[in-house]
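Given next are the chains, with one letter for each unit.
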Amino acid sequence: MNFNTKVIHGGQHHEPATGSVNVPVFLTSTFAQKSPGIHSGYEYSRAANPTRQALENSLASIENGAKGLAFGSGLAAIDCVLKLLNPGDEVIAVDDLYGGTYRMFTRLFEKYQLKFTFVNFDDVSKISDLITEKTKLIWLETPTNPLMKLVDIKAVCDLVKDQDILVAVDNTFASPYLQRPLDLGADIVMHSATKYLGGHSDVIAGALVAKDRELGEKLHFIQFASGGILGPHDSYLVLRGIKTLALRMQRHSENGQKIAEFLQNHPKVKDVVYPGLASHPQHDLAKRQMPNGFGGMVSFNFKSGEKADAVKFLENVKVFTLAESLGGVESLANHPALMTHASIPADKRAEIGITDDLVRLSVGIEDSDDLIADLESAFNA
Ligand SMILES: *Cc1c(COP(=O)(O)O)cnc(C)c1O
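Residue numbers here run from 1 along each chain, matching the order of that chain's written sequence. In keeping with the model being predicted, local features are shown solely for residues with a pLDDT of at least 70 and side-chain atom pairs are shown and tallied solely at 80 or more, while totals for entire chains, interfaces and linings include all residues. Hydrogen atoms and water are omitted, and side-chain values are computed over all heavy atoms in the structure.

The chain goes by Cystathionine beta-lyase in an unreviewed UniProt entry, where it is assigned to Chryseobacterium taklimakanense. UniProt positions are given in the numbering used here, feature names are shortened, and annotations may be inferred rather than shown by experiment. If you open the UniProt record of the chain and go to Cofactor (unreviewed entry), you find "pyridoxal 5'-phosphate". Per UniProt, the comment on the chain under Sequence similarities (unreviewed entry) is "Belongs to the trans-sulfuration enzymes family."

Put into structure tokens, the structure is as follows:
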């Protein structure tokens, strides 16, 4: 099955009792048994629920994995992966991680004696110097937020291929339409399904997909034992979102490219970061790793370098909504230094390149002419 078909049919069946074409929302905590211990495969909804399972099968299908798992948030999914590890184990992670991931690693899991090393993965060959016999997990995010830096997933997986080290990739920004980490050698894919998978800014949800069944069962045991599952109604919303993922990502990518090019030629704009521009330092890697397009996330700063210009611009967008989050059908604009990345100390922000005049756009699927006209009028305000 090809991807455009998988988003609709992958891992899906009509509901067997009635033939219902859509998976019903199974609002039940428990399931009747015929005789003690003899049941339909479902006992209690924390272990498995038919609506959640339909979503999990869909996730496994679209990421080309053996087992999918759906969680109450993206962070709950990451928490599950870290619980595979034991005290003393070491994790190597990309240095400009999603802030919530960084917070979980350093403020929750360091106290259980996990050791985290944060590094720039620009030169993958340098990573081998950091690997010790205690290294058990490499945590990647690509493209990163908000500076759209890429990591060569295949090069990292090749580097640790014969070692007992798992590679996990946060694939939230790309979605499986644009990038499939398991095909490149990764062991686990993670999503904030709140973003592109859900796609409509109406649900908080997370996902994991494991490449092989044994690892998938270990993760399922942790999910079952820790309890961070996604409820049936939210599972339905994400499943419904996935059906249009291919169409949406196509439009996000078309609009993202047009807006990046518009910004690149705008007299008030200094730098635009978008993997689809030839000026992106890793444009060649982007073409290899994201062959179907480059998505809807675009960041830029101002020639003036003035925070006031960025703020004024953001106060004047009308079709774009000034809000945190990303990946929905509607376009959003964000000021990382004052909003999503405000918890990062100012000197650290400066070091990474998150300047006070940086604006991040999540380009939606509206008409690109309307979006460009909106940006132009905000620049002129
Ligand atoms: C939003 C996000 C998360 C966290 O997901 P939640 O659903 O908000 O818990 C993790 N990684 C990335 C890249 C994100 O954008």
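Peer 1: What is the right way to read the packing of aromatic side chains from this model?
Peer 2: In this description, an aromatic ring pair is defined by two values, namely the gap between the centres and the angle between the planes. Any pair of Phe, Tyr and Trp rings, taking the six-membered ring for Trp, is counted once the centres come within 6.5 Å. Such a pair is stacked with planes under 30 degrees apart, edge-to-face with planes over 60 apart, and tilted for the rest. For the structure shown, the criterion picks out 14 aromatic pairs. Here the aromatic cluster, defined as three or more aromatic residues joined through ring pairs, consists of Tyr102, Phe105, Phe116, Phe118 and Trp139.

Peer 1: Sorry, what's going on with the pairing of strand β2 (residues 90–94) here?
Peer 2: For a regular strand, side-chain orientation follows a simple rule: the groups alternate between the two sheet faces. Burial classes follow relative accessibility: with a 1.4 Å probe on protein chains only, a residue under 20% of its type's maximum area counts as buried, one over 50% as exposed, and anything between as partly exposed. Only DSSP runs of H or I covering at least 4 residues are called helices, and only runs of E covering at least 2 are called strands; the numbering of each starts at the N terminus. Burial analysis of β2 places five of its five residues in the buried class, the great majority of the element. Strands were regarded as paired on the criterion that DSSP finds at least two bridges between them. Relative to strand β3 (residues 115–119), β2 runs parallel, the two sharing five bridges. If you follow Val91 over to β3, its bridge partner there is Phe116. By the bridge criterion, four bridges tie β2 to strand β4 (residues 135–141) in an arrangement that is parallel. Looking at the pairing, Glu90 lines up with Thr135 of β4.

Peer 1: Help me understand the pattern of salt bridges in this model?
Peer 2: A side chain of one charge can pair with a side chain of the opposite charge when the charged atoms of the two come close. Any carboxyl oxygen of Asp or Glu within 4 Å of a side-chain nitrogen of Lys or Arg constitutes a salt bridge here. Taken as a whole, this structure holds nine salt bridges when the rule is applied. Of the charged contacts, one joins Asp79 and Lys83 as a salt bridge, the two residues approaching to 2.8 Å between their closest N and O atoms. A residue is classified by how much of its surface remains accessible, and Lys83, at 36% relative accessible area, is partly exposed.

Peer 1: It is not clear to me how the environment of Lys195 should be interpreted in this structure. Could you clarify?
Peer 2: Tracing the sequence through the fold places Lys195 in the loop between β6 (188–192) and β7 (206–210). Separated by 121 residues in the primary sequence, Lys195 and Gly74 place their C-alpha atoms 9.5 Å from one another. For this analysis, residues touch if any pair of their heavy atoms sits within 4.5 Å. Among residues more than four places away in sequence, those in contact with Lys195 are Thr172, Ser325, Leu326 and Gly327.

Peer 1: Would you mind going over the packing of helix α2 (residues 50–62) against helix α8 (residues 232–243) with me for this structure?
Peer 2: A pair of packed helices is captured by two measures, namely the crossing angle of their axes and the spacing between those axes. Only the stretch in contact is used when fitting a helix axis, every axis being a line fitted to C-alpha atoms; angles between N-to-C directions are given from 0 to 180 degrees. Packing of α2 against α8 brings their axes to within 8 Å, and their N-to-C directions diverge by 35°. Both α2 and α8 take part in a crossing whose hand is left-handed. Between α2 and α8, the contacting residues are Thr51, Arg52, Ala54, Leu55, Ser58, Leu59 and Ile62 on the first element and Pro232, Ser235, Tyr236, Val238, Leu239 and Ile242 on the second. Its residues assigned to classes, the contact of α2 with α8 shows nine nonpolar, three polar and one charged. Rotating anticlockwise by less than a right angle from the far helix to the near helix defines a left-handed crossing, while the corresponding clockwise rotation defines a right-handed one. Under the grouping applied here, Gly and all other residues not named as nonpolar or charged are polar, the nonpolar ones being Ala, Val, Leu, Ile, Met, Phe, Trp, Tyr, Cys and Pro and the charged ones Asp, Glu, Lys and Arg.

Peer 1: Please explain the sheet that holds strand β11 (residues 332–334) as it appears in this structure.
Peer 2: Hydrogen bonds between backbone groups are what pair the strands of a sheet, and the pairing can be parallel or antiparallel. In space, the five strands of this open sheet follow the order β8-β9-β12-β11-β10, with mixed pairing throughout. Because the sheet does not close on itself, it has two edges, and the strands there are β8 (269–273) and β10 (321–322). Both β8 and strand β9 (residues 297–302) contribute to a ladder of three bridges, which runs antiparallel. Across the sheet, the residue bridging to Val272 is Phe300, located in β9.

Peer 1: Sorry, what's going on with the site of the ligand here?
Peer 2: Residues in contact with the ligand, as listed here, are Ser73, Gly74, Leu75, Tyr98, Glu141, Asp170, Thr172, Phe173, Ser192, Thr194, Lys195 and Ala205. At a separation of 2.7 Å, a nitrogen atom of the ligand approaches a polar side-chain atom of Asp170. Between an oxygen atom of the ligand and a side-chain N or O atom of Lys195, the distance comes to 2.8 Å. Note that accessible areas follow from Shrake-Rupley with a 1.4 Å probe, and for residues the cover is restricted to the protein chains shown. Surface burial for the ligand is 93%, taken as the share of its 380 Å² of free accessible area covered by protein chains. As defined here, a cavity is a set of points on a 1 Å grid over the protein atoms alone where a 1.4 Å probe fits but cannot get out. A pocket is an open set with protein on both sides within 12 Å along at least five of seven lines, and residues line them when an atom is within 4 Å of a point. Each molecule is assigned to a cavity or pocket provided more than half of its atoms lie within 2 Å of the corresponding grid points. At a threshold of 2 Å from the grid points, most atoms of the ligand map onto the largest pocket. Throughout, near means a residue has at least one heavy atom within 4 Å of the molecule or strand. N or O atoms within 3.5 Å of each other form a polar contact, as long as, within protein, one can give a hydrogen and the other can take it, and as long as residues adjacent in sequence are counted only when both atoms are side-chain atoms.

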